[in-house]
Amino acid sequence: MNASLSTLTIGTLTLSPTFSGSWLWYTSSTTEASSEVTATPDDGTATVVIKLDTVVDPDGTVTWAEGANTLTIEVTVGDETAIYTVWVTKSTE
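Just so it is clear, the model here is predicted, and its values are computed rather than measured. (Residues numbered from 1 in each chain as written. Predicted model: local features only at pLDDT ≥ 70, side-chain atom pairs only at ≥ 80, totals over all residues. Heavy atoms only, no water.)

**Some thoughts on the pattern of salt bridges**
Where charged atoms of side chains with opposite charge meet at close range, the side chains can pair. Worth spelling out the cut-off: Any carboxyl oxygen of Asp or Glu that lies within 4 Å of a side-chain nitrogen of Lys or Arg is treated as forming a salt bridge with it. Secondary structure elements are defined from DSSP: runs of H or I of at least 4 residues count as helices, runs of E of at least 2 residues count as strands, and each element is numbered from the N terminus.
Inspection of the entire model under this criterion finds one salt bridge. In this structure, glutamate 66 engages lysine 90 in a salt bridge whose closest nitrogen and oxygen atoms are separated by 3.7 Å. A residue pair is termed long-range when its members are at least 10 positions apart, and glutamate 66 in the loop between strand E6 (61-63) and strand E7 (67-77) and lysine 90 in strand E8 (residues 80-90) qualify at 24 residues.

**Quick look at the pairing of strand E4 (residues 47-52)**
The condition is simple: A pair of strands counts as paired when DSSP detects no fewer than two bridges linking them.
Two strands pair when backbone bridges link them, and E4 and E7 are joined in this way by six bridges, in the antiparallel orientation. Bridging across to E7, isoleucine 50 finds its partner in isoleucine 73. Two elements, E4 and strand E5 (residues 54-55), share two bridges in a ladder whose sense is antiparallel. Looking at the pairing, leucine 52 lines up with threonine 54 of E5.

**Digging into the sheet that holds E5**
In a beta sheet, neighbouring strands are held together by backbone hydrogen bonds and run either parallel or antiparallel to one another. The strand order E2-E8-E7-E4-E5 describes an open sheet built from five strands, whose pairing is mixed. Of all strands in the sheet, those bounded by a partner on one side alone are strand E2 (25-30) and E5.

By themselves, these are just geometric observations and shouldn't be taken as functional.
Here is the structure:
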């Protein structure tokens, strides 16, 4: 079993460092009001839960608050879990 992601995209945001399924922490910045999150697990039987304060709607769209935002993506396969964290800073400019 493998509780990792093969891809993670958040709209047009650039993740730092560049996404790797073995790395769990990222940062990014945006001026966008919202972004669509696409998280594809390595294991097709995995469950993926996306949270930004609360669980995100199934379409995977998040709405950014001004300032710091913490997005988590929890991947679970059997009794193995990986939690990816992306800190996104939203500015008005």
